[in-house]
Amino acid sequence: MFEKILIANRGEIALRVARACRELGVRTVAVHSTADRDSAVVRFADEAVQIGPAPSRASYLNAAAIVEAARRTGAQAVHPGYGFLSEDADFADICAENGLVFIGPPPQVMLALGDKAKARDVLGAAGLPLPPGSREPVPSSAHAATVAAEIGYPVIIKAAAGGGGRGMTVVTDEADLAPAYHRTRQTARAVFGDDRVYLERFLTQARHVEVQVLCDGHGNGVHLGTRDCSVQRRHQKLIEEGPAPTLPAAMLDEMAAVALRGALAVGYVGAGTFEFLVDENDQFHFIEINCRIQVEHPVTEMITGVDLVQEQIHIACGTPLRLRQPDIRPRGVAVECRVNAEDPQRGFTPTPGRLDRFEIPGGPFTRVDTHGNTGYVVGPHYDPLLAKVVVWAPDRELALNRMERALSEFDVRGPGVHTTIPFLRRVLDDAMFRKGRLSTGLVGRLLDEPSQTRTA
Amino acid sequence: MTSAAANGTPAGSDPGGQLRRLAEQTRALVGQLTGPLRRVQVRHGDTVIEIEWHDRTTPVAAPPSSPADTAAAGPTPAAGLTAPPADHATPADQATPAAGHRIGSPIVGTFYRAAEPGGTPFVDVGDSIEPGQVIGIVEAMKLMNEITTDRPGVVVEILAGDGEPVEFDQPLITVAPG
């Protein structure tokens, strides 16, 4: 086991990783920007190094500073959390060059899978069902029109290098295709520095279902069941639950098995998530793989009893997976709500400010992953996720009741600060949601927006 | 991402003499350039050359030394950085700080007070300094970054020791208005 791990992240996930390390008897190094010098993980960790100013590109994305911090503290491994450098193959390379273990898949696997177009090729060849669409990047708007005519409208144009819900455009009408094509390429070039895009059939009433896998570097792997993440707004997930409700068990089993086969076929190592869209006919289509721990990983932890972050660390250490598929026995239902410092009344604009009151829920089977506390200042520099409330119950109805109870206990107040709690409670109260009739259009309907949001 | 310092030869092996050839070519390149150079980065894989000049409005402390002079030196300045404004508390704050302006480290790394081990420190307590003057070096990722002051004054305190690991914004010296 490692003696010391550096955590290259901030917020709730940095604290989550630090807790896993403490339980494993591993010492921790927190790295932080000047804005986060009083943060929860800095207090919790054994050591802390200030690596840069508030803007992420000079601190949490500053590979050189992070590697320096690891070197001077004698850390042997780096846990990148999610976001920031977590799926950056170059950073993984830099870690390796400096004798540090990057806790994640090998750089070459990340490189192949981080590119959506390439990942589709590789995993399609490994037997994963792909949605109808272009097999490779579409070089011109004329070519795009041909592909769109073949697969039928609506279509979605996606940046090959995209991620986190950015760089995607839905086109419902042929007349809009050319401008949308050029716009998406422009955005992709600006945001990702790579303007290759490809086309897929856009599934309007689709559900977003994903499979968690764990693979070691010795050819062993398990899947840990499914999560449904259909409740999302503009490609940002708001509520996740596991297992995916009201879908045929045989289909979910097949999806999980196919995902694991794909993971092993591409030499995946670590914790990973395979994302699928499930259409009205219960057909599933692979969309992408996330090569990192995900925000919603606690859902799977609650139903399987497996600590995914600790497993990541064991795998990075080279320890063969101790779990075998029969050991994974999902039980009950877990639900996660993301509490963001955003105002649902004003188009979910972030609301930075100081928290005068921050009382988190407690009680049975209720887990809250947060870096917040009374007096915490939600800054304007980072994403607005404030807390994840996760509950478990033997069945879905009880779990939703429990979540409703937990959110009613959550008291967050501060001048100018709003949270997504009222909106999350509206979703929990929605009749369709309660029935498990989920689709990526649900939030749009509640917000009376045109329902064309969907994530990847 | 291996950045080879343009005009320095880090200790260690140099398989195939690649680094030596790179250094020679860089020296030739530097000879063709005019103006006060601030930073030169050369990379061999995927071929990158990055050159930064000192802002013409910023006074330069010393004329750029000739490559031959610096080639043999220990820690060789490869980059110059101006310290960020250290106008807020930092973890390294001491109980009774001297009055004045603190120059913080612009990067995480190792602080060196002199250009080579045992050499004369760039600055010492009591020295008068001018904007743009080098007050020390912070080594990060095998690159030597010159730390310069952005205002004139007298050095009243040295806060970081030679060879000490420093954080971003950690105060290195205190400068009192001269």
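Residues numbered from 1 in each chain as written. Chains lettered and ligands numbered in written order. Predicted model: local features only at pLDDT ≥ 70, side-chain atom pairs only at ≥ 80, totals over all residues.

Reports of interface size often rely on the accessible area that becomes lost once the parts have come together. Facing the 13 residues of chain B at the interface are 16 residues of chain A. Split by residue class, the side of chain B that touches chain A holds nine nonpolar, two polar and two charged. (Contact = placed C-beta atoms within 7 Å. Nonpolar A, V, L, I, M, F, W, Y, C, P; charged D, E, K, R; others polar.)

Once that is clear, we can look at the domain arrangement of chain A. Partitioning chain A into structural domains gives domain 1 (4–103), domain 2 (132–201) and domain 3 (207–446). Using only C-alpha atoms to locate each centre, domain 1 of chain A and domain 2 of chain A end up separated by 35 Å. (Domains from an automatic or database assignment.)

Further remarks concern unusual backbone geometry. With an omega of -5 degrees, the peptide bond running from Y153 of chain A to P154 of chain A counts as cis. Structurally, P154 of chain A can be placed in the loop between α7 (141–151) and β6 (155–163). Residue P243 of chain A follows G242 of chain A across a cis peptide bond; omega there is -10 degrees. Within the fold, P243 of chain A resides in the loop between β11 (236–242) and α9 (249–265). Despite not being glycine, F84 of chain A has its phi angle at roughly 40 degrees, a positive value. Although it is not a glycine, K142 of chain B adopts a positive phi angle of roughly 65 degrees. By the secondary structure assignment, K142 of chain B is in the loop between β8 (134–140) and β9 (143–148). (Helix = DSSP H or I, 4+ residues; strand = E, 2+ residues; numbered from the N terminus.)

Residues and elements named next belong to chain A. One open sheet accounts for five strands, arranged β3-β2-β1-β4-β5; its pairing is parallel. The open sheet terminates on both sides in strands that have one partner only, identified here as β3 (47–52) and β5 (101–102). Pairing of strand β2 (residues 27–33) with β3 involves five bridges; the strand directions are parallel. By the bridge assignment for β3, H32 is matched with Q50. Strands in contact with helix α3 (residues 63–73) are β1 (4–7), β2, β3 and β4 (77–79); relative to β3, the strand with the most contacts, it is inclined by about 150 degrees. (Pairing = 2+ DSSP bridges. Axes fitted to C-alpha atoms, helices over the stretch in contact; angles between N-to-C directions.)

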